[in-house]
Amino acid sequence: MKPGIQIISHGSRDDAWVRIVEEAVSGLSLREEIPVAVSFLELVEGRLIQDGVHKLEQEGVTDILVIPLFVSSGSTHVDEIEYALGAKPEPEMETDLELFTVNARVHYGYPVDDDQRIAVMIWDKLRELSVDPQRETILLVGHGSIHDGFRERWQAGAASLAGRVREVSGVAAADYALLNPDNVRSKVEYWHGQGHEVLVAPLFLSEGYFTKVVIPRKLKGLTYRYSGKTLLPHPLLPEWIQNQVEQLLERVRSKGEA
C-alpha cells in the first residue's frame, strides 16, 4: 500500500482564497513522507478533483486519503464528492457531479464540524472583541442548508461546536445561527433580550461575500461586535488535518492487516 492525501475544498476565483488553503496545507508535519494534492471542487482550473487524483496515481498512490475541507458534514458538497469519488454507492440527494475516474482505493474523512481545535481557532479570532465575558454571548453564524437531513447535521455540529467555544472562551453563553434557514437576526435579538452583548463569529473557512456582505446586511441596525475574521488562516488547521490523516491511516492499515 502506498497512501496519498487529497485535501479537497470548494474553490474560488479569488487567488488569495486559494493561497490561504495552500498555506494551511504547507504547514503539515506528517510522521512519514506522503504525497499530497490540494484540490478544489470548482473554479480553480488545473487544480480540480480529477487533476488531484491523476497527480497522486501518477506518483504510484494505491490508497487516497481524502480530507474534505468543509465546515460541516451538512454540506451537500461533502456528500456529492464522496459519491463521485466512489467512496459511497449513492448520493443522499441528486447531484450534477459526475463520477471521477479513480483507480486507487478511496478512504473518505470528515469535515470540520465540532473539533476542539476549531473552537480554539474561533476564540482566537474573537478574543480581542471581548470586554466583559460574563455578559457576552458568542454567536456562530454558518451557511446552513434548506435540505432535510443536511440541515439537521448543520444544526447538530454547530450546536456542539458552540458548546466547545463557550468552554474555551469562558463567556456567559455561546449559540449558533444559520443563513439557511435564516435565523441570524432573531438570535442576536434574543440574546440582547437576555441582557447580553453579542460577539458574532462567522463559521466560514475564509473571507468572502457571505462574511463581508451577507452577515452584516442581515444584522443591519442591531448592536453587535464583529471582526469578520474567519477560521483561516490559523496555525491549528494543519494540526487538524494531520489528526485526520493519522486516523485514516490507522483505519486503512488495520483493515489491511485484518
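Structural notes, computed from the coordinates. Only a predicted model underlies this, so the values are computations on that prediction, with no experimental measurement involved.

**With respect to the packing of helix 4 (residues 116–126) against helix 5 (residues 150–169)**
For the pair helix 4 and helix 5, the least separation of the axes is 9 Å and the interaxial angle reads 60 degrees. Taken together, helix 4 and helix 5 sit at an angle that is classed as oblique. In this structure, the crossing between helix 4 and helix 5 has a hand that is right-handed. Together, Gln 116, Ile 118, Ala 119, Val 120, Ile 122 and Trp 123 of helix 4 and Leu 161, Arg 164, Val 165, Val 168 and Ser 169 of helix 5 make up the contact between the two elements. Along the lines of polarity and charge, the residues of the contact of helix 4 with helix 5 split into eight nonpolar, two polar and one charged.

**Things to note about the pattern of salt bridges**
Here the idea is simple: oppositely charged side chains can pair when their charged atoms come close. According to the stated counting rule, one finds 17 salt bridges in the structure shown. Between Lys 55 and Glu 59 there is a salt bridge whose closest N-O contact spans 3.0 Å. For Lys 55, a relative accessible area of 36% corresponds to the partly exposed category. For the salt bridge of Arg 117 with Asp 115, the shortest nitrogen-to-oxygen distance reads 3.1 Å. Taken together, the shared-partner salt bridges in this structure form one network comprising Asp 79, Lys 88, Glu 92 and Arg 153.

**Here's the deal with the sheet that holds strand 2 (residues 36–40)**
The sheet built from four strands is open, its strands ordered 2-1-3-4 with parallel pairing. Each end of this open sheet is capped by a strand with a single partner; those strands are strand 2 and strand 4 (105–108). Each strand of the sheet is rotated relative to its neighbour by a mean of 25 degrees, with strand direction disregarded. Together, strand 1 (3–9) and strand 2 form the strand contacts of helix 1 (residues 15–26), whose direction differs from that of strand 2 by roughly 155 degrees.

**With respect to the layout of surface pockets**
Each pocket or cavity is described by its volume, and for the largest pocket that value is around 730 Å³. Lining the largest pocket are 30 residues, and of these His 10, His 77, His 143, Phe 204 and Phe 210 lie nearest its centre. Contributions of two or more residues to the lining of the largest pocket are made by helix 3 (76–84), strand 5 (136–144) and helix 7 (209–218). It is helix 7 that contributes the most residues to the lining of the largest pocket, three residues altogether. For the lining of the largest pocket, the per-class residue count stands at 11 nonpolar, 17 polar and two charged.

**Considerations on the environment of Val 198**
Within the secondary structure, Val 198 sits in strand 7 (residues 197–202). When its relative accessible area of 0% is taken as the criterion, Val 198 is described as buried. For the pair Val 198 and Tyr 224, spaced 26 residues apart in sequence, the C-alpha separation works out to 5.2 Å. Discounting residues that sit within four places of it in the chain, Val 198 has contacts with Thr 137, Leu 139, Val 188, Trp 191, His 192, Tyr 224 and Arg 225.

**Some remarks on the environment of Lys 229**
Within the secondary structure, Lys 229 is located in the loop between strand 8 (225–226) and helix 8 (236–257). Sequence separation between Lys 229 and Pro 202 is 27 residues; the distance between their C-alpha atoms is 7.0 Å. When sequence neighbours within four positions are dropped, the list of residues in contact with Lys 229 reads Lys 125, Glu 128, Pro 202 and Glu 207. One polar contact links Lys 229 to Glu 128, side chain to side chain, over a distance of 3.2 Å.

Parameters and conventions
- Residues numbered from 1 in each chain as written.
- Predicted model: local features only at pLDDT ≥ 70, side-chain atom pairs only at ≥ 80, totals over all residues.
- Heavy atoms only, no water.
- Axes fitted to C-alpha atoms, helices over the stretch in contact; angles between N-to-C directions.
- Helix = DSSP H or I, 4+ residues; strand = E, 2+ residues; numbered from the N terminus.
- Parallel < 35°, antiparallel > 145°, perpendicular 65-115°, else oblique.
- Left-handed = near helix turned anticlockwise from the far one by under 90°.
- Contact = heavy atoms within 4.5 Å.
- Nonpolar A, V, L, I, M, F, W, Y, C, P; charged D, E, K, R; others polar.
- Salt bridge = Lys/Arg side-chain N within 4 Å of Asp/Glu carboxyl O.
- Buried < 20%, exposed > 50% of the residue type's maximum accessible area, 1.4 Å probe, protein only.
- Pairing = 2+ DSSP bridges.
- 1 Å grid on protein atoms, 1.4 Å probe; cavity = no way out; pocket = protein on both sides within 12 Å on 5 of 7 lines; lining within 4 Å.
- Points joined across faces, edges and corners; volume = space filled by probe spheres on them.
- Polar contact = N/O pair within 3.5 Å; in protein donor to acceptor, adjacent residues only side chain to side chain.

Remember that the coordinates give geometry; whether it matters functionally is a separate question.
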